[in-house]
Amino acid sequence: MSDTILTVDNFFWDFDDGTTLLGKDADHAFGTDGVFNVQHAVTLQNGCSDTALQAINIQSSFDMPGEVVLVSPIDNSLRFHPDSTFNFTWSQTTDAAYFNLFLASDSDFDNIVYQTQTDTTYQPVHMQDTGTFYWKVEAYNLCMQSSSSAVYSFQYDKIDTTGIAFWFNAASADTITGGVVQNWTSQYTNIPATQNITDKQPQLIAQVPEINNQPAIYFDGTNDNLIITDTTNIQTMFVVANWGGTESVFPDYKGIINKYTSGQQPYYIVIAQSLDSSLYTAGSSLFEEQINVSQTGTPQFGPISQHKLIFGQATEAKQFSDLQIGGAVNYSTRFWKGNIAEIIAFETTISQEQNEQVHRYLQDKYAPVVNLPEIIEMTSFCDTSVSAYQP
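This is a predicted model, so every value here is computed, not measured. (Residues numbered from 1 in each chain as written. Predicted model: local features only at pLDDT ≥ 70, side-chain atom pairs only at ≥ 80, totals over all residues. Heavy atoms only, no water.)

A few points about the environment of Thr-89
Piece 1. Counting through the fold element by element, Thr-89 comes out in strand β7 (residues 85–90).
Piece 2. Accessibility expressed as a relative area gives 18% for Thr-89, which makes it buried.
Piece 3. Along the backbone, Thr-89 and Ile-74 are 15 residues apart, and their C-alpha atoms lie at a distance of 9.6 Å.
Piece 4. Not counting the four nearest positions on each side in its chain, Thr-89 is found in contact with Leu-70, Val-71, Ser-72, Thr-121, Tyr-122 and Trp-135. (Helix = DSSP H or I, 4+ residues; strand = E, 2+ residues; numbered from the N terminus. Buried < 20%, exposed > 50% of the residue type's maximum accessible area, 1.4 Å probe, protein only. Contact = heavy atoms within 4.5 Å.)

So, the nonpolar core
Piece 1. Among the nonpolar cores identified, the biggest contains 40 residues, and Phe-166, Trp-184, Met-237, Ile-257, Ile-269, Val-270 and Ile-325 are the most heavily contacted of them.
Piece 2. With four residues, the single largest contributor to this core is strand β21 (residues 232–241).
Piece 3. For Met-237, the contacting residues outside a window of four places in its chain are Phe-166, Ile-257, Ile-269, Val-270, Phe-287, Ile-310, Phe-311, Gly-312, Ile-343, Ile-344 and Ala-345.
Piece 4. Ranked by size, the runner-up nonpolar core spans 19 residues in total, among them Phe-80, Trp-167, Ile-211 and Phe-346. (Core = buried A, V, L, I, M, F, W, Y, C linked by side-chain atoms within 4.5 Å.)

Considerations on the packing of aromatic side chains
Piece 1. The full count for this structure, using the stated rule, is 22 aromatic pairs.
Piece 2. Plain terms: the ring middles of Phe-250 and Trp-336 are 5.8 Å apart, the flat faces sit at 40° to each other, and that makes the pair tilted. You can see Phe-250 sitting in the loop between β21 and β22 (254–259) and its partner Trp-336 sitting in the loop between β26 (323–325) and β27 (337–346), a full 86 residues away along the chain.
Piece 3. Considering the side-chain rings of Tyr-253 and Tyr-280, the 5.6 Å spacing of their centres and the 90° angle between planes classify their relative orientation as edge-to-face. Within this pair, whereas Tyr-253 is found in the loop between β21 and β22, its partner Tyr-280 is found in the loop between β23 (268–272) and β24 (291–293), the two being separated by 27 residues in sequence.
Piece 4. Accessibility expressed as a relative area gives 16% for Tyr-280, which makes it buried.
Piece 5. For Lys-308, the ring lying beneath its charged end belongs to Phe-301, and the centroid distance is 5.1 Å.
Piece 6. One Lys or Arg, Arg-334, reaches over the ring of Tyr-331 and ends 3.7 Å from the middle of that ring. (Phe/Tyr/Trp six-rings, centres within 6.5 Å; stacked < 30°, edge-to-face > 60°. Lys NZ or Arg CZ within 6 Å of the ring centre and 35° of its normal.)

Topic: the confidence of the model for the protein
Piece 1. In the predicted model, the protein carries a mean pLDDT of 90, and the fraction of residues at 70 or more is 93%.
Piece 2. Confidence drops under a pLDDT of 50 for residues 373–381, and excluding neighbours within four residues, the segment shows two contacts in the predicted structure. (pLDDT = per-residue confidence, 0-100.)

Side note on the pattern of salt bridges
Piece 1. Under the defined criterion, the tally for this structure stands at five salt bridges.
Piece 2. As a salt-bridge pair, Lys-259 and Asp-322 come within 3.3 Å of each other at their nearest N and O atoms. Of this pair, Lys-259 sits in strand β22 while Asp-322 sits in the loop between β25 (308–320) and β26; the two residues are 63 residues apart in sequence, bridging distant segments of the chain.
Piece 3. Its salt-bridge partner being Glu-316, residue Lys-318 comes within 3.3 Å of it at the nearest N-O pair.
Piece 4. You can call Lys-318 partly exposed: its relative accessible area is 30%.
Piece 5. For Glu-316, a relative accessible area of 45% gives the class partly exposed. (Salt bridge = Lys/Arg side-chain N within 4 Å of Asp/Glu carboxyl O.)

Topic: the sheet that holds strand β4 (residues 49–58)
Sheet strands pair via backbone hydrogen bonds, and the direction of the pair is either parallel or antiparallel.
Piece 1. Spatially, β2-β1-β3-β4 is the arrangement adopted by the four strands of the open sheet, whose pairing is antiparallel. The sheet terminates laterally at β2 (20–22) and β4, the two strands that pair on one side only. Going across the sheet, the axis of each strand differs from the next one's by a mean of 15°, ignoring polarity. (Pairing = 2+ DSSP bridges. Axes fitted to C-alpha atoms, helices over the stretch in contact; angles between N-to-C directions.)

Details of helix α1 (residues 352–366)
Piece 1. In a regular helix each residue adds 1.5 Å, so 15 residues correspond to 21 Å; α1 covers 21 Å between its end C-alpha atoms and thus fits that length.
Piece 2. For α1, the complete set of buried residues consists of Gln-354, Asn-355, Gln-357, Val-358, His-359, Tyr-361, Leu-362, Asp-364, Lys-365 and Tyr-366. (Expected span 1.5 Å × (residues − 1).)

Description of the sheet that holds strand β10 (residues 122–126)
Piece 1. An order of β5-β7-β10 is seen for the three strands of this open sheet, with the pairing classed as antiparallel. Two strands close off the open sheet at either side, each with one partner strand: β5 (70–72) and β10. Neighbour-to-neighbour, the strand axes of this sheet turn through a mean angle of 30°, independent of strand direction.
Piece 2. In terms of strand pairing, β7 meets β10 through five bridges, oriented antiparallel. Directly across from Asn-87, in β10, lies its bridge partner Pro-124.

And the structure:
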């Protein structure tokens, strides 16, 4: 038995508008808009044939894309980042099929350092150099007609990490099956926080809307924790976290990061005050009264369900031979319930410049300033206070 190779005898096109053509390839211009069922039939020399049918939507024109409003980084801003990567975001606009993001070192965009096409309204960009940069976004419809945003500028610099003890960023957590975290490794110092017991492993949340869609690690409040066994000195710390329960006050002392085993004091670094909405500041804590929440100058954490930035700076550094993220010492009732997005610790007191850099980085990452588009009009307002606070 031998295989027979058959050649195509005929290619036939029917464009559903009264036009038919012969040939393997065909060019056709439709005279009107509409949906057309295009058929392509192939006939072999032995008389066998097959037909493919495809509906296509023909439009002679599309509306121009609407105005693109840049959101972040805002114009004339100063940005600090430790890992050289942060998100560019802009508004969705009408009739846009896709966007082009342009990043340049000059306002005329003669020296473009980054360019990409995307159908989303955000794009993470890895910055290679420090300095002043300019960015814009162009929106395109299906006819490749475009509208352009304004041009924004920003200054980018890296954070001074002198004296860093560890830097835990949820984006760097190592997950296994089911998205649970087995290992969380510090940037710069490579100190690991690990948990090998399956039912004690916290969950990585890839995007948390309340913190600018950044990732966070969720601790269940039952027994989730991560253990650090490396010996570290700590004097300064930043933490981004929230309480995930329905309570208005903490139901017990609840630990974010503290000693894992009992022994030499201080036992506590960042722990919530029992039956209160503030952080614990007593003598067995590292920071005592030198801890404040969201730059308020107080340890008040309420409303506790909202994500907060915690900052503490002790009068002197203390050495810790073991630490627990998500709990406190060996108490079974003091596990944290909620998100922990980032923990940054320094071995020493930090300079005012470093302090401002880290605060700016965390604000830009988790709660960036929002640009209000010019199309918003405010008229005929009585004496009114406008607040972004959400209870």
